[in-house]
Amino acid sequence: MPGRRGALREPADCGSCLGAALALLLLLLPACCPVRAQNDTEPIVLEGKCLVVCDSSPSADGAVTSSLGISVRSGSAKVAFSATRSTNHEPSEMSNRTMTIYFDQVLVNIGNHFDLASSIFVAPRKGIYSFSFHVVKVYNRQTIQVSLMQNGYPVISAFAGDQDVTREAASNGVLLLMEREDKVHLKLERGNLMGGWKYSTFSGFLVFPL
């Protein structure tokens, strides 16, 4: 009717109202409904915010640094070495002075943290490490004592002193808590290896990081 223009209005857009209600529901849902982890032990509460880390690249010590500058330690970082003495070798002047037991062949060196020239292992990160050694004295009637040294201090020792055999090994093994840059090597504490130490081995690996 004339004079009542605008009295009749179009109904509201139901589609837009439904979309707004759905968006509100999605925002409220994570706060009230915890999502369980795969092992169904503890709920993980989502707070409506997500952080996506992409374009990551692992570093030498097992850390992953994202393009956002976030560093995350990887629990699967692999560190292992095994070295051997392949020849009978008379101790050099250097080894006589430092009493370090040297190796001349690397069988395994995952991560390249064992330096063959110095025969020293350097821990790339804090963690629990396993070490074992077998030092063979050849045609030598003297008793030998071999120690595993951590940062210059003896941790464990082993002895070989049977005079009726041509070859005998001083063997031992240990688990060590090591900090980043800690060093481990073998030292001859007693006796000599004048006959050489062919077939001797020195091995270690990271059990798990801390």
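Residues numbered from 1 in each chain as written. Predicted model: local features only at pLDDT ≥ 70, side-chain atom pairs only at ≥ 80, totals over all residues. Heavy atoms only, no water.

Per an unreviewed UniProt entry, the chain goes by the name Cerebellin-2 and belongs to Sciurus carolinensis. If you open the UniProt record of the chain and go to Subcellular location (unreviewed entry), you find "Secreted". (UniProt positions renumbered as here; feature names shortened; annotations may be inferred.)

Colleague: Can you explain the side chain of S119? Please cite residues and give values.
Modeller: Structurally, S119 is set in the loop between strand 8 (114-115) and strand 9 (120-122). Only 3.0 Å separates the side chain of S119 from the backbone nitrogen of F103, close enough to count as a polar contact. Setting aside anything within four residues of it in sequence, one finds S119 in contact with I101, Y102, F103, F114, V184, H185 and F202. (Helix = DSSP H or I, 4+ residues; strand = E, 2+ residues; numbered from the N terminus. Polar contact = N/O pair within 3.5 Å; in protein donor to acceptor, adjacent residues only side chain to side chain. Contact = heavy atoms within 4.5 Å.)

Colleague: With reference to specific residues and values, describe the packing of aromatic side chains.
Modeller: Considering all chains together, one arrives at 10 aromatic pairs under this definition. Between F81 and F131 the ring centres are 6.3 Å apart and the planes differ by 50°, which places this aromatic pair in the tilted class. Here F131 lies in strand 10 (residues 127-138) and F81 lies in strand 6 (residues 80-84), a separation of 50 residues in the sequence. Owing to a relative accessible area of 1%, F131 belongs among the buried residues under this scheme. An angle of 15° between the planes, with centres 6.3 Å apart, marks the rings of Y129 and F131 as stacked. (Phe/Tyr/Trp six-rings, centres within 6.5 Å; stacked < 30°, edge-to-face > 60°. Buried < 20%, exposed > 50% of the residue type's maximum accessible area, 1.4 Å probe, protein only.)

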